[in-house]
Amino acid sequence: MTDWTRRQIGGLAGGAMLAVAAPHFVRGQGRAKVVVIGGGIGGATVARYLGDMKSIDVTLVEPNSTHVTCFFSNLYLAGLRSLASLTFGLETLAEGHDITIIRDSAVAIDPAGKAVELRGGTKLSYDRLVVAPGIALKFGEIEGYDEDAAKIMPHAWVAGPQSELLRQQIKSMDDGGVFVIAAPPNPFRCPPAPYERASLVAYYFKQFKPKSKILILDAKDKFSGQELFQDAWSRHYPGMIEWLPSQFIGAIKAVDVAARSVVTEGETFRAAVANIIPAQKAGLIAEKAGLTDASGWCPVDPVTFESTLQPGVHVIGDSIVGGDMPKSAFSANSQAKACAFAVAASLTGSPQFPPHLFNACYTFLAPDDAFTNALTFAPEGGRLKTVKMFISKVGESPETRRRTALHAVGWYSAFTADVFGGGS
Amino acid sequence: MKRVRRAAIVSRVKGLAAEIRWLLGVSLCAILLSAANSAAADVSQGAQIAATCASCHHPTDGGQAIPPIATLDEQAIVKAMLAFRASESPSHVMHAVALSLSDDELAATARYLADRANAGRQP
Ligand SMILES: Cc1cc2nc3c(=O)[nH]c(=O)nc-3n(C[C@H](O)[C@H](O)[C@H](O)COP(=O)(O)OP(=O)(O)OC[C@H]3O[C@@H](n4cnc5c(N)ncnc54)[C@H](O)[C@@H]3O)c2cc1C
């Protein structure tokens with residue numbers, strides 16, 4: 001277990017002084033303690049915002065030393081971004097934002113005793129816990145698709161080695177091959193992303209393997225941004241992408257790894273490269289800690305993101321029952337901020353205001369053709385409801401789309417600085 | 001008609017801003033008295049809402065396609081936000097954001113951002 005902490009002697013003295021000079025911030029004896037499980041988008045954001053308040057001890061538990069963003073990983077698959085440019089170390093968070101980072105995994109949570117147990121044996125006590133473990137893939141739901149099968153038919157739905165594997169396969173595929181994407185049922189991480197992936201891989205094929213085809217076998221009958229995607233596919237990649245909804249092919253039942261084929265109720269599809277994106281549920285620790293309901297996701301209070309099942313434990317990001325909020329990095333970041341202010345209010349008595357929850361996703365159709373949606377949400381009747389929604393339209397000028405693609409790049413740089421604490 | 005309404009909102013915001021400025025003056029004294037607090041992040045309403053801006057606006061980079069807001073003054077922010085509130089073009093993202101803020105929230109956010117910019121300009 002590596003224990004990075006920015007607070008060396010000087011920092012510790014500062015922390016102690018703060019506690020003395022501002023006793024009204026202190027609950028009990030020392031500073032209030034928050035443990036955050038998961039240093040992905042939601043977890044890094046909540047740790048950063050709590051750390052910056054300087055009135056709370058923040059410990060972030062994350063097994064990986066770096067985070068590779070899923071957003072923009074489709075650009076990597078198309079050869080348009082390096083994986084290094086999508087990789088962020090957690091040191092900046094530790095150094096610049098007063099957070100202790102422990103490189104380990106949480107294996108158990110004791111909500112009654114307010115403690116977390118780590119794989120390495122450490123026990124951490126907390127006043128409030130924030131859980132942000134992202135998704136778990138439902139291996140086994142498609143017969144034959146397990147972790148070993150994913151080494152041959154990658155999901156690439158958690159960015160990193162899986163993305164590299166899929167990129168390698170796409171690169172070494174012969175021209176004229178069929179790239180099959182099995183798209184998951186709702187709800188899942190980033191609703192437009194399977195279709196963005198099809199678009200950007202088509203962009204790559206168009207340049208280097210123009211006889212190749214992309215087949216999307218969908219567990220659904222419609223998808224997010226469908227009109228915008230289908231319009232773009234006919235403009236940029238005519239005849240290259242075929243989308244087969246569940247009503248035509250039936251459910252995706254099995255994969256045959258040796259034959260690289262995907263079996264649906266009605267048919268078997270042979271692939272040169274198969275990208276299987278299985279159904280999803282909340283990260284495993286959430287399930288283990290009794291934070292999930294029958295849906296497999298974590299129900300939360302939509303103002304504070306406190307679990308409705310385990311008091312004192314907050315859940316943010318992809319793991320939650322999101323209501324109208326999609327499972328996106330933007331949502332996770334937005335929820336994390338609302339959660340940080342709610343946690344601070346409960347521990348230090350700082351003011352809390354109605355949360356402003358947003359989602360604005362940039363989706364690429366081609367490198368210089370992107371669209372956005374922008375949604376605002378508010379709690380209503382215990383769930384997160386959409387208040388306003390705006391989305392790019394079919395028929396927008398190429399100039400508008402080009403500008404949106406530029407905005408996407410600007411967004412990426414600002415967003416990752418916000419999450420991982422760079423640039424400020 | 002629209003213009004008149006906008007002007008009314010601006011002047012209301014001005015009044016609010018003056019009030020907020022006074023309040024901030026008072027709390028600034030309190031902070032100066034307990035100097036150890038000075039490094040802690042603000043948790044005022046303006047700061048909490050401004051945190052959402054940081055999801056898209058880079059804290060330091062000026063050259064990105066999304067315009068920087070770190071150096072804008074209060075009036076410029078209020079004016080821009082009222083224009084975004086009125087029209088889906090040029091940015092439906094900002095239109096959605098602007099519609100979600102009440103006049104009071106907008107005033108508090110603009111005040112916070114402008115104060116932070118001012119503090120940054122001081123040597
Ligand atoms: C191809 C693709 C494209 C996407 N594009 C976009 C986009 O353009 N815009 C957008 O907003 N979103 C996009 N997303 C979605 C976005 O990546 C996710 O919604 C986001 O990462 C969710 O954040 P999270 O914090 O919930 O989970 P994650 O970011 O996955 O973080 C979870 C973290 O928890 C850690 N963890 C898990 N279990 C434990 C444990 N027991 N102990 C300690 N740590 C643990 C993991 O190691 C991980 O670091 C995309 C996703 C994909 C797959």
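What comes next concerns the included structure. Computed from a predicted model, the values in this text were never measured in an experiment.

**Quick notes on the pairing of strand β3 (residues 56-61) of chain A**
All names here are of chain A.
- Counted residue by residue, β3 has 5 buried out of 6 residues, so it is predominantly covered.
- With 6 bridges connecting them, strand β2 (residues 32-37) and β3 associate as parallel partners. From the neighbouring strand, Val35 faces β3, where its bridge partner is Thr59.
- Chirality of the crossover, the property in question, places the unit of β2, helix α2 (residues 41-52) and β3 among those that are right-handed.
- Pairing of β3 with strand β6 (residues 99-103) involves 4 bridges; the strand directions are parallel. The residue bridging Val58 from the neighbouring strand is Ile99, located in β6.

**Structural notes on the sheet that holds strand β22 (residues 369-380) of chain A**
- Ordered in space as β21-β22-β23 (chain A), the 3 strands form an open sheet in which the pairing is antiparallel. Each edge of the open sheet carries a strand with a single partner, namely β21 (357-366) and β23 (383-391) of chain A. The mean inter-strand angle of the sheet, taken between neighbouring strand axes irrespective of direction, is 25°.
- Where β21(A) meets β22(A), 9 bridges bridge the pair, whose relative direction is antiparallel. Within the sheet, the bridge partner assigned to Ala366(A) lies in β22(A) and is Asp369(A).
- This element, helix α4 (residues 92-100) of chain B, spans β21, β22 and β23 of chain A of the sheet and lies at about 15° to β22(A).

**Brief notes about the site of the ligand**
Residue and element names in this part refer to chain A.
- Close contacts around the ligand come from 35 residues, with Gly42, Glu62, Arg189, Asp318 and Phe330 the closest.
- One nitrogen or oxygen atom from the main chain of Ile41 is found 3.1 Å from an oxygen atom belonging to the ligand.
- For the ligand, whose accessible area on its own is 1000 Å², the fraction buried by protein is 92%.
- Going through the elements one at a time, α2, α3 (73-77), α6 (193-208), α10 (329-348) and β21 are the ones with two or more residues in the shell around the ligand.
- The element contributing the most residues to the shell around the ligand is α10, with 3 residues.

**Quick look at the packing of α2(A) against helix α11 (residues 398-420) of chain A**
All names here are of chain A.
- One can describe the packing of α2 onto α11 by two numbers: an axis separation of 7 Å at closest approach and a directional angle of 60°. By the angle between their axes, α2 is oblique relative to α11. In this structure, α2 contributes Ile41, Ala44, Thr45, Arg48 and Tyr49 to the contact, and α11 contributes Phe415, Ala417, Asp418, Val419 and Phe420.
- Considered class by class, the residues forming the contact of α2 with α11 number 7 nonpolar, 1 polar and 2 charged.

**Focus: the sheet that holds strand β16 (residues 261-264) of chain A**
Residue and element names in this part refer to chain A.
- With respect to topology, 3 strands assemble into an open sheet ordered β15-β16-β17, the strand pairing being antiparallel. Unpaired on one side and paired on the other, β15 (252-256) and β17 (268-270) mark the two borders of the sheet. For this sheet, the mean inter-axis angle between neighbouring strands, taken without regard to orientation, is 20°.
- Pairing of β16 with β17, which is carried by 3 bridges, proceeds in the antiparallel orientation. Pairing of Ser261 across the sheet is with Arg270, part of β17.

Calculation rules
Residues numbered from 1 in each chain as written. Chains lettered and ligands numbered in written order. Predicted model: local features only at pLDDT ≥ 70, side-chain atom pairs only at ≥ 80, totals over all residues. Heavy atoms only, no water. Buried < 20%, exposed > 50% of the residue type's maximum accessible area, 1.4 Å probe, protein only. Helix = DSSP H or I, 4+ residues; strand = E, 2+ residues; numbered from the N terminus. Pairing = 2+ DSSP bridges. Right-handed = clockwise from strand over helix to strand, strands pointing away. Axes fitted to C-alpha atoms, helices over the stretch in contact; angles between N-to-C directions. Contact = heavy atoms within 4.5 Å. Near = heavy atom within 4 Å. Polar contact = N/O pair within 3.5 Å; in protein donor to acceptor, adjacent residues only side chain to side chain. Areas by Shrake-Rupley, 256 points an atom, 1.4 Å probe, with all protein chains shown as cover. Parallel < 35°, antiparallel > 145°, perpendicular 65-115°, else oblique. Nonpolar A, V, L, I, M, F, W, Y, C, P; charged D, E, K, R; others polar.

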